[in-house]
Every structure is written in C-alpha cells, then in structure tokens.
Amino acid sequence: MPQLELTPELDYQSAVYKDAYSRINAIVIEGEEEAFDNYQRLAELMPDHKDQLIGLSKMESRHKKGFQACGRNLSVEPDMAFAKEFFADLHRNFQEAAAQGKIVTCLLIQSLIIECFAISAYNIYIPVADDFARKITEGVVKDEYLHLNFGEEWLKANFEASKAELEEANKQNLPLVWRMLNQVENDAKELGMEKEALVEDFMISYGEALSNIGFTTRDIMRMSAYGLSA
Ligand code: Y39
Ligand code: FE
Ligand code: FE
Ligand code: FE
C-alpha cells in the first residue's frame, strides 16, 4: 500500500494542530532572532569576516519575518515565552563563549549545531507544511546551508588550532540538542514530523559538517554519542 494512504491527513485549522504550532512556530521565530544576534556578535569578534557575517545576520532577520507570517497565516499566536526558555541554555553558552572571545565555541554552537538543527527541522517540515509555509521554508533552508558552510570553511581552515575547543564545545552543547528534541517531540509529531526523522537528518548534517572540517570517522562517532541518552 502506498505510504500516503497510511499518513493521516493534517488539519491545519484544528485546535490540536494550532496548539502545537504555537510552540514550534515560536521556537523557529526565537531561533531566527537569536541567530541574528549571534551573527551580529560574531561580526564583532571576527573583523576580517565582518561584512559576510552581517550579511548572514540579515538573512536570519528575513527568516524571522517569514515564519511570523506563517503563524499569522494560520491565525496562531506564537508562545514566545516557551521559546525563550527552550533556547535558554544554548543562548547562555553562546553568550559566555562570546564574552571570553571563544570564536570556535561560538561557531560550533551557531553555525554547526543550530544550523544543522534548523536544516533537519526545515527539511522534515517542508513535505508536511501548509502551502504558504512550505514556500517560505523552502527559501529559508537554502540560506541555512550557506550559514553552515561559513562555519565549516572557517573551522576547516583553522582545524588544528580549533580541534580541542571544538571537542569540548561539542561535549557541552550536543546534549542540549537531544534534550530540546525530546521537549518538542510531541508537538513536532502533531505537525507530521517524526522525532526519528529529525534525529536522523540532524546526525547526517552534523556528521558531514564534522567530516568536512577535518574530523575522522572515529572522532565523529565519539563526538556524536555525547548526550544521546539525555
Ligand atoms: O540559523 C538559523 O536560522 C536557526 C536559528 C534557526 C533555528 C531553528 C530551530 C529549529 C528547531 C525546530 C524544532 C522543531 C522540531
Ligand atoms: Fe537576544
Ligand atoms: Fe535562519
Ligand atoms: Fe541560519
């Protein structure tokens, strides 16, 4: 039997869909807002890449506006308090690293972990989104690959000097991603997004990024395992 017949129809106007959307949409809006802040901060920390980083931050603020329109289109009020809390730990870790001038940690958090999280969530969302949100999200995900690529290129060029800090930052921050995924598992499912698919897509993007930067398969296996039990 074709898979489509087994997939229950999503009702974008139902109360359960809209309730779940109020949290997932808020997470995405808050994430885009924080990504804007993070690239602005990176632009201060990396004067050689200032213009490029300001360019990336402007894309993030366009993404935020796009996702706010998606919520309005479904008459959903995003639960921004929930979303702020959702990002609090990653946000604090980025702020603390930036205050210490730890560019490598900042890039790992924003350009690798958060971008891979976004890429997996957006790729899994696109086939189950309403028509309006699908068009917006398709445009956004193309930009997220550019953001991931910025982090990969810089970390690859500075691999030997960054390796130890990357391992430590991975150890501190990857467990937060698994905890965040568990926290939204039920809401994501209500939107037609399975946690297993999100984890799989994230692991593929993140593993590929670590590989492009210069880590061995063995390193990647070890690094990916952090916090999987969280
Ligand atoms: O770089 C970016 O634009 C990333 C900030 C945006 C964050 C996206 C966070 C997506 C998590 C959604 C979880 C849904 C299951
Ligand atoms: Fe902020
Ligand atoms: Fe974005
Ligand atoms: Fe981004």
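These numbers come from a predicted model, not from an experiment. Going along each chain's sequence as written, the residues are numbered from 1 onward. A letter from A marks each chain and a number from 1 marks each ligand, given out in the order of writing. With the structure being a predicted model, the display of local features is reserved for residues of pLDDT at least 70 and the display and counting of side-chain atom pairs for 80 or more, all residues being used for whole-chain, interface and lining totals. Heavy atoms throughout the structure, all of them, feed into the side-chain values; hydrogens and water do not.

1. Looking at the overall build of the protein
Inference 1: By the criteria applied, helices consist of DSSP H or I runs no shorter than four residues and strands consist of E runs no shorter than two, each listed in order from the N terminus. Scanning the protein from N- to C-terminus turns up nine helices and zero strands.
Inference 2: Its helices and strands in sequence order give the protein the pattern α-α-α-α-α-α-α-α-α, from N to C terminus.
Inference 3: Across its three principal directions, the C-alpha atoms of the protein cover 50 × 35 × 25 Å.
Inference 4: A sequence separation of at least 24 residues applies to 83% of the contacts in the protein between residues at least 6 apart.
Inference 5: A residue counts as positive if it is Lys or Arg and as negative if it is Asp or Glu; His and the chain ends are not included. Charge positions come from single atoms, namely NZ of Lys, CZ of Arg, CG of Asp or CD of Glu. Charged side chains of the protein number 23 positive and 39 negative; the gap between the two group centres comes to 3 Å. By definition in these notes, contact holds between two residues if any of their heavy atoms fall within 4.5 Å.

2. Quick look at the side chain of Ser-162
Inference 1: Within the secondary structure, Ser-162 sits in helix H7 (residues 159–190).
Inference 2: For Ser-162, the contacting residues outside a window of four places in its chain are Val-104, Trp-154 and Leu-155.

3. Some words on the side chain of Asn-38
Inference 1: Positionally, Asn-38 belongs in helix H2 (residues 15–45).
Inference 2: The buried category is assigned to Asn-38, whose relative accessible area is 3%.
Inference 3: Here Gln-110 takes part through its side chain, which lies 2.9 Å from a polar atom of the side chain of Asn-38.
Inference 4: When residues no more than four places from it in sequence are discounted, the contact partners of Asn-38 are Phe-94, Gln-95, Gln-110 and Ile-114. Note on classification: 1.4 Å probe, protein chains only; a residue is buried when its accessible area is under 20% of the maximum for its type, exposed when over 50%, partly exposed between these limits. Distance and chemistry together define a polar contact, namely a pair of N or O atoms within 3.5 Å, with one atom able to donate a hydrogen and the other to accept it when in protein, and with adjacent residues in sequence counting only for side-chain atoms on both sides.

4. Details of empty space enclosed by the protein
Inference 1: Residues are called lining when one of their atoms sits within 4 Å of a cavity or pocket point, these points coming from a 1 Å grid over the protein atoms alone, where a cavity is a set in which a 1.4 Å probe fits but cannot get out and a pocket is an open set with protein on both sides within 12 Å along at least five of seven lines. Grid points are joined across faces, edges and corners, and a volume is the space filled by probe spheres set on the points. In this structure the tally under the stated criterion is one cavity of 30 Å³ or more.
Inference 2: A volume near 410 Å³ is recorded for the largest cavity.
Inference 3: Put simply, the parts of the chain that give the lining of the largest cavity at least two residues each are H2, helix H3 (50–73), helix H4 (80–99), helix H5 (103–125) and H7.
Inference 4: Residue polarity is assigned by list, with Asp, Glu, Lys and Arg as charged and Ala, Val, Leu, Ile, Met, Phe, Trp, Tyr, Cys and Pro as nonpolar; anything else, Gly included, falls into the polar class. Here the lining of the largest cavity is built from residues that sort into 20 nonpolar, three polar and four charged.

5. Things to note about the coordination of the iron ion (ligand 4)
Inference 1: Only N, O and S atoms count as donors, using a 2.8 Å cut-off from the metal and 3.2 Å for Na, K and Ca, and because water is excluded some sites may appear unfinished. Note on the iron ion (ligand 4): its protein donors are Glu-60 (OE), Glu-115 (OE), Glu-115 (OE), Glu-144 (OE) and His-147 (ND1). The metal-donor distances range over 2.0 to 2.4 Å.
Inference 2: Coordination at the iron ion (ligand 4) is irregular: its six donor atoms span angles of 55 to 167 degrees at the metal.
Inference 3: Counting along the primary sequence, the residues that act as donors to the iron ion (ligand 4) give the motif E-x54-E-x28-E-x2-H.
Inference 4: The two metals, the iron ion (ligand 4) and the iron ion (ligand 3), are separated by 3.4 Å and share Glu-60 as a common coordinating residue. Square planar and octahedral assignments, for four and six donors respectively, both demand that opposite donors be over 155 degrees apart and that all other angles lie between 65 and 115; tetrahedral needs four donors with all angles between 85 and 135 degrees, and anything else is irregular.

6. Some thoughts on the site of ligand 1
Inference 1: For this description, a residue counts as near a given molecule or strand if any of its non-hydrogen atoms is within 4 Å of it. With respect to spatial proximity, 15 residues lie near ligand 1, and among them Gly-31, Glu-32, Glu-60, Glu-115 and Glu-144 are the closest.
Inference 2: The side chain of Glu-32 places a nitrogen or oxygen atom 2.7 Å from an oxygen atom of ligand 1.
Inference 3: Residue burial considers only the protein chains on display, and all accessible areas are found by Shrake-Rupley using a 1.4 Å probe. Here ligand 1 has 440 Å² of accessible area as a free molecule, and 100% of this is covered by the chains.
Inference 4: At a threshold of 2 Å from the grid points, most atoms of ligand 1 map onto the largest cavity.
Inference 5: Mapped by element, the contributors of at least two residues to the shell around ligand 1 are H2 and H5.
Inference 6: Among the elements that take part in the shell around ligand 1, H5 stands out by supplying seven residues, more than any other.
Inference 7: Taken together, the residues of the shell around ligand 1 sort by class into nine nonpolar, two polar and four charged. The way we define it, a molecule is inside a pocket or cavity when more than half of its atoms are within 2 Å of that pocket's grid points.

7. What about unusual backbone geometry?
A negative phi angle characterises most non-glycine residues, just as the trans form characterises most peptide bonds.
Inference 1: Within the chain, Ser-75 stands out as a residue other than glycine whose phi angle is a positive 55 degrees.
Inference 2: Counting through the fold element by element, Ser-75 comes out in the loop between H3 and H4.

8. Section: the confidence of the model for the protein
Inference 1: How sure the predictor is of each residue is captured by pLDDT, a score from 0 to 100. Per-chain confidence: the protein averages 95 in pLDDT, with 95% of residues scoring 70 or above.
Inference 2: Reported for the predicted complex are a pTM of 0.95 and an ipTM of 0.94.

9. Details of the layout of surface pockets
Inference 1: Approximately 170 Å³ is the volume found for the second largest pocket.
Inference 2: Mapped by element, the contributors of at least two residues to the lining of the second largest pocket are H4 and H7.
Inference 3: The element that contributes the greatest number of residues to the lining of the second largest pocket is H7, accounting for five residues.
Inference 4: Classifying every residue of the lining of the second largest pocket by side-chain character gives two nonpolar, five polar and four charged.

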